[in-house]
Each structure stands twice: as structure tokens, then as C-alpha cells.
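Remarks on the overall topology
What follows is the residue order along each chain.
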Amino acid sequence: MMEVVQTLWFADGMDEALAFYTSLIPDSGVDTLWTMAADSPAGPPGSVRVATFHLGDQRYQAMEAGDGEPFTPAFSITLLCDDQAEVDGLWSAIADGGGTPVACGWIRDRWGLSWQIVPRRLTELMAQPDKEAARRVAEAMMRMVKLDIASLEAASKG
């Protein structure tokens, strides 16, 4: 069966980024690491490095190959959290590691990769049958940087 794997391109710092990423999420790790032994547009043999890794049950590939396009928010990794402590811990780890908070649960790490730190409860509140309550939740979320479950629940109740 064909496998689909997202690839992250790093100009440099891939090893440090992967060590950080795999430390954030239980049951994560780097699976393979190899160096291209031929010339490439990025440079001479040895100038391109590739790793495969997994974050929980999601597989990724990373490539370190000098100048590449920087990450944009058009691609992000979403972490669905079970409670506020998990949201807070992940948020702090990324922010304390040189990340930049953005808005609505988005934070960019020091390599420029966007993460969405989202409590599972948000999905439940946004998908509820009471459309007015769901609207209040969405409006509350739009005013937040790091998402706060208690505030989202309070918005739902009106």
C-alpha cells in the first residue's frame, strides 16, 4: 500500500529540531538518518541529510539541504490535547524553546514551523447543535492566543 509522508525542509538545525519535536510528544522518535552520497542542487556529496521520524502515530520525513523555502503557516502540525495541563505544557515547551505565539492556538517554533495547540474540547464546543453557543465559542477563540478551555466553556454557556 502506498504511504503518504509529509516532508519538512530545514536549511540547518534539523537534528536539534527533531530532538525537540520528538521530546514534545510521547511515543515519538527518529527512525532513520542518512546522507546523500551524490552531488545535488544543494551542494556536494554529504550536503543533503534526510531523516524519517514519527510524532505519536504520524510519520514524517525531514531534509536538511541548505537554502530552502522557509516554513509558512500554510502547513502546520495540530496537537489535539486532552486537558488544559497538556495545552499549557506543550505551549510552554514551544514558547520557551524560542517559539513565537501567534493567535487562536497557533504558535511558531524557532525553526519557523507552525503548530496548533488545540484542546479536544474546542471541537466539541464548536460542533454543538446550539449554533449561538458555537458562535460565542468561536468568537472567544478568535480573541485568544493560547487556548483556554475554561474560557471557551464559559463562552458556550453565555
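Procedures and definitions
Note on numbering: residues in each chain are counted from 1, in written sequence order. Only residues with pLDDT of 70 or above have their local features reported here, since the model is predicted, and side-chain atom pairs are shown and tallied only from 80 upward, although totals for entire chains, interfaces and linings are computed over all residues. To obtain the side-chain values, all non-hydrogen atoms of the structure were included, while hydrogens and water were left out. Between any two strands, pairing holds if DSSP finds at least two bridges. By definition, any uninterrupted DSSP run of H or I lasting at least four residues is a helix, any uninterrupted run of E lasting at least two residues is a strand, and each is numbered from the N terminus. Put simply, a salt bridge is a Lys or Arg side-chain nitrogen that is within 4 Å of an Asp or Glu carboxyl oxygen. Each residue's exposure class comes from its accessible area (1.4 Å probe, protein chains only) as a fraction of the maximum for that residue type: buried when under 20%, exposed when over 50%, partly exposed otherwise. Two rings belonging to Phe, Tyr or Trp (six-membered ring only in the last case) form a pair when the distance between their centres is within 6.5 Å. Interplanar angles under 30 degrees mark stacking, angles over 60 mark edge-to-face geometry, and anything in between is tilted. UniProt positions are given in the numbering used here, feature names are shortened, and annotations may be inferred rather than shown by experiment. Two N or O atoms count as a polar contact when they lie within 3.5 Å, although within protein this holds only if one can serve as hydrogen donor and the other as acceptor, and sequence-adjacent residues are included solely when both atoms are side-chain atoms. Criterion for a disulfide: a pair of cysteine sulfur atoms within 2.5 Å. The definition of a nonpolar core used throughout is a set of buried Ala, Val, Leu, Ile, Met, Phe, Trp, Tyr and Cys residues joined through side-chain atoms within 4.5 Å. The domain boundaries here were taken from an automatic or database domain assignment.

Some words on the sheet that holds strand β8 (residues 114–119)
One open sheet holds the four strands; their spatial order is β5-β8-β7-β6, and the pairing between them is mixed. Since the sheet does not close on itself, it has two edges, and those belong to β5 (76–81) and β6 (100–101), each with one partner. For strand β7 (residues 106–108) and β8, the ladder comprises three bridges, and the chain directions are antiparallel. Within β8, the position partnered with Ile107 by the bridge is Trp115.

Examining the pattern of salt bridges
For the coordinates displayed, the defined rule picks out twelve salt bridges. Put simply, Arg120 and Asp82 hold a salt bridge, and the shortest N to O gap is 2.7 Å. Here Arg120 is found in helix α3 (residues 120–126), whereas its partner Asp82 is found in the loop between β5 and α2 (84–96), with 38 residues between them in sequence. Given a relative accessible area of 58%, Asp82 falls into the exposed group. The salt bridge partner of Glu132 is Arg136, with a shortest N-O separation of 4.0 Å. Note that Glu132 and Arg136 are positioned in helix α4 (residues 131–143) at a spacing of four residues, about one turn of the helix. Classification of Glu132 as partly exposed rests on a relative accessible area of 39%. Arg136 sits in the partly exposed class, given a relative accessible area of 22%. Beyond isolated ion pairs, a larger network of salt bridges with shared partners links Glu132, Arg135, Arg136 and Glu139.

Here's the deal with the packing of aromatic side chains
All chains considered together, the criterion is met by seven aromatic pairs. Taking 5.7 Å as the distance between ring centres and 85 degrees as the angle between the ring planes, the aromatic pair formed by Tyr21 and Trp111 counts as edge-to-face. You can see Tyr21 sitting in helix α1 (residues 14–24) and its partner Trp111 sitting in the loop between β7 and β8, a full 90 residues away along the chain. As far as burial versus exposure is concerned, Tyr21 and Trp111 are alike and both buried. Here the aromatic cluster, defined as three or more aromatic residues joined through ring pairs, consists of Phe10, Phe20, Tyr21, Phe71, Trp111 and Trp115.

Examining the UniProt feature "domain: PhnB-like" (unreviewed entry) in the protein chain
Per the UniProt entry, the sites bearing "domain: PhnB-like" (unreviewed entry) are residues 4–118 in this numbering. A helix fraction of 21% and a strand fraction of 37% characterise residues 4–118, whose end C-alpha atoms lie 24 Å from each other.

A closer look at the environment of Thr32
Position of Thr32 relative to the elements: it lies in strand β2 (residues 29–35). A relative accessible area of 37% places Thr32 in the partly exposed class. For the pair Thr32 and Phe53, spaced 21 residues apart in the sequence, the C-alpha separation amounts to 7.1 Å. Polar contacts involving the side chain of Thr32 include one to the side chain of Thr52, which spans 2.5 Å.

Details of the state of the cysteines
Scanning all chains against the criterion turns up zero disulfides. Summary of cysteine pairing: Cys104 is not part of a disulfide, and the nearest cysteine sulfur, belonging to Cys81, is at 16 Å. Looking at Cys104, the relative accessible area reads 17%, which means it is buried.

A word on the nonpolar core
Ranked by internal contacts, the top residues of the largest apolar core, which has 26 residues, are Phe10, Tyr21, Leu55, Trp115 and Ile117. Residue assignment for this core shows that the elements contributing at least two residues are β1 (6–10), α1, β3 (49–55), β4 (58–64), β5, α2 and β8. When residues of this core are assigned to their parent elements, the largest contribution, six residues, is made by α1. When residues are assigned to domains, this core turns out to be shared by domain 1 (1–69) and domain 2 (70–157), each giving three or more.

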